[in-house]
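# Coordinates in review
Below are the chains, spelled out letter by letter.
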Amino acid sequence: MRSPDRRPAELHSVFERSFHEERRALLGWAAGLVALAVTMLAMYPTIRGNQQFSQLFESYPKAFRSMFGISDYTSGPGYLRAEVFSLTAPLLLSIFAILWGSDLVAGEEQRMTIDVLMANPISRSRVVLEKCAALVIGTAIAAGSLWLALLVGARAVHLDVGVAELSAAAFASWLVATVFGTIAMAIGAATGRRGVARGIGALVAVTAYLLSSLAEIVRWLQHLRPISPWYHAIGVDPLANGFQPVHLLVLGGIVIVTVLLAVVSFDRRDLGT
Amino acid sequence: MVLGVTSPAGTKPLTARPGSAVALDRVTKQYRGGGGIEEVSLEVAAGEVFGFLGPNGAGKTTTIRLLLDLIRPDTGHISLFGLDVRRDSVAIRRRVGYLPGDLALYDHLTARELLTHFCHLRGGPPWESVQVLVDRFDLDLDRPIRALSKGNRQKVGLVQALMGQPELLILDEPTSGLDPLVQQQVHAAITEAAEEGRTVFLSSHVLSEVGRVAHRVGLIRQGRVIAVKRVDELRDRSLHLVDVQFVDGPEPAALATIPGVGTVQQRGDAVHLEVTGSLDPLVRQLSRYRLRDLSVREPDLEESFLNLYEAGHALT
């Protein structure tokens, strides 16, 4: 318990403290994402140009392939799409963001620290906004670690992918995770219940994912795709198409609206009851 | 305002009304699961030490959390320093120090980290002034708060409430769970704050504690304020339970005639007495006899309340 050698942390704001509280978890998630990148890249040399793999996947039903983002598996972008960006990376980032987001505001209430916190002369809106900033930036650090590992690693294993396309995919993964993280945070701010925030945040993410991936194969769902954040992040294939401002703006818009709802609902409630 | 401003006991009357530090006007807050407060009106003058007394669950914490704008009233109006608690919440909290009843702190931080964090959030009382409080309460700053005893956590809570010398201190059961020595330090700090002209709103379920430090006391029960009294008035009516063991004593009936003595019961070789108000007449009488043992106990709050009711005193 006692650690006299530790330098005391100088926490100037709610933002800094929120970050400080999450620092170990963030480090763990970032390390995990880097490990994912390294593992996937390490396997790539055996797959590149491997005709058997191409044939294997081409034998799969088209619906299956599009659902799991498999096309052109042996090429650099095709491999990264199937193994990293079609689900794994954005999903892991979203889980991280939902876990943290659900705890950021609601956790203070459930641990009853909200009383001493709100005894300080800071507005409720500021608390939500600073916590939200921590979430957005923390998720960016996790996504950024993955991006950097892939960028460096791709060169090492001669995986051919454009910097812009790779960056766009990492950026979209970050943004979609931020969407679900802020939704979880907003539910926590509106209810003060971490479990509810976590559950609903996860439910929204999974439902939206199913909608977006099933829409690849179910014709009548296709026009519903744009309501799923996943469609705007990975459905529009940033690894092939690079940055697509319209879709990124949609995601950014969802984040902004969600944060505003969080601010308003937190401001109106009885806290810690 | 129903209760008006009363001068603190033993000081000269407040000639001008300097504006109340705390004012609740017919405030009602009900919870869905029951509990809360009803039609509570209170006014605490600037510079006054106000004791808010009631059994657990009576509505003390609800009232205090309303003052901090943590929860909002169903009806009624609350102002601190004449400012609206909701509209001017941040400006008010610059002038208030608060110790919550169910104190929870950031357990992973050390006391030093927590206190510097709060200094920053408050735009900075200098650390030297915080250090004075830390020394006074003999606080270990460099252990994680989760490793501290309950008493030491409470000290951290007190230091964060007192630091920056706020005009108004709102302390919810500040001494609960503390050993007597620390309780005394807390009482001293409250008295000192009062001497410096600061206002203290203090809740407690222990009458003697409130009696020691407060000028005025509000009694709350089942969500309603049933009496607001000056402490000296209350002391006149307070009940003591006295147990006497005589070596050779009088007939119990003889004790019943002593002023202030109510019920007298013989229990084995001990005599059990209930005394209202001053103990002086009883002690004078007892000094005539040889005693084996004498104990005086202050009844818990419920008994005091009952005594107030039974005495037929008009409340409020």
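Residues numbered from 1 in each chain as written. Chains lettered and ligands numbered in written order. Predicted model: local features only at pLDDT ≥ 70, side-chain atom pairs only at ≥ 80, totals over all residues. Heavy atoms only, no water.

Compared with the 48 Å implied by 1.5 Å per residue over 33 residues, the 48 Å span of helix α8 (residues 124-156) of chain A between its first and last C-alpha is a close match. Positive backbone phi, approximately 55 degrees, marks His158 of chain A, located one or two places after α8 of chain A. (Helix = DSSP H or I, 4+ residues; strand = E, 2+ residues; numbered from the N terminus. Expected span 1.5 Å × (residues − 1).)

On the side of chain A, 36 residues touch chain B, which itself brings 37 residues to the contact. Where chain B touches chain A, the interface holds two salt bridges. Notably, a salt bridge pairs Arg65 of chain B with Asp115 of chain A, separated by 2.8 Å at the nearest N-O pair. For the pair chain B and chain A, the number of links is 20 residue pairs in polar contact (both at pLDDT 80 or more). At the level of elements, α2 (89-93), β6 (96-99) and α3 (111-121) of chain B are the ones that each hand at least two residues to the side of chain B that touches chain A. Looking at the side of chain B that touches chain A, the element that brings in the most residues is α3 of chain B, giving seven residues. Of the residues assigned to the side of chain B that touches chain A, the class counts are 17 nonpolar, six polar and 14 charged. (Contact = heavy atoms within 4.5 Å. Salt bridge = Lys/Arg side-chain N within 4 Å of Asp/Glu carboxyl O. Polar contact = N/O pair within 3.5 Å; in protein donor to acceptor, adjacent residues only side chain to side chain. Nonpolar A, V, L, I, M, F, W, Y, C, P; charged D, E, K, R; others polar.)

Residue position: Ala31 of chain A is located in helix α1 (residues 14-47). Sequence separation between Ala31 of chain A and Asp267 of chain A is 236 residues; the distance between their C-alpha atoms is 36 Å.

All names here are of chain B. Across the sheet, six strands lie side by side as β6-β7-β8-β3-β9-β10; this open sheet has mixed pairing. Looking at the sheet topology across the chains shown, the edges are occupied by β6 and β10 (224-230). The sheet shows a mean angle of 15 degrees between the axes of neighbouring strands, taken without regard to direction. Bridge count for strand β7 (residues 168-172) against strand β8 (residues 199-204) is five bridges, and the pairing is parallel. (Pairing = 2+ DSSP bridges. Axes fitted to C-alpha atoms, helices over the stretch in contact; angles between N-to-C directions.)

Geometry only, nothing functional implied.
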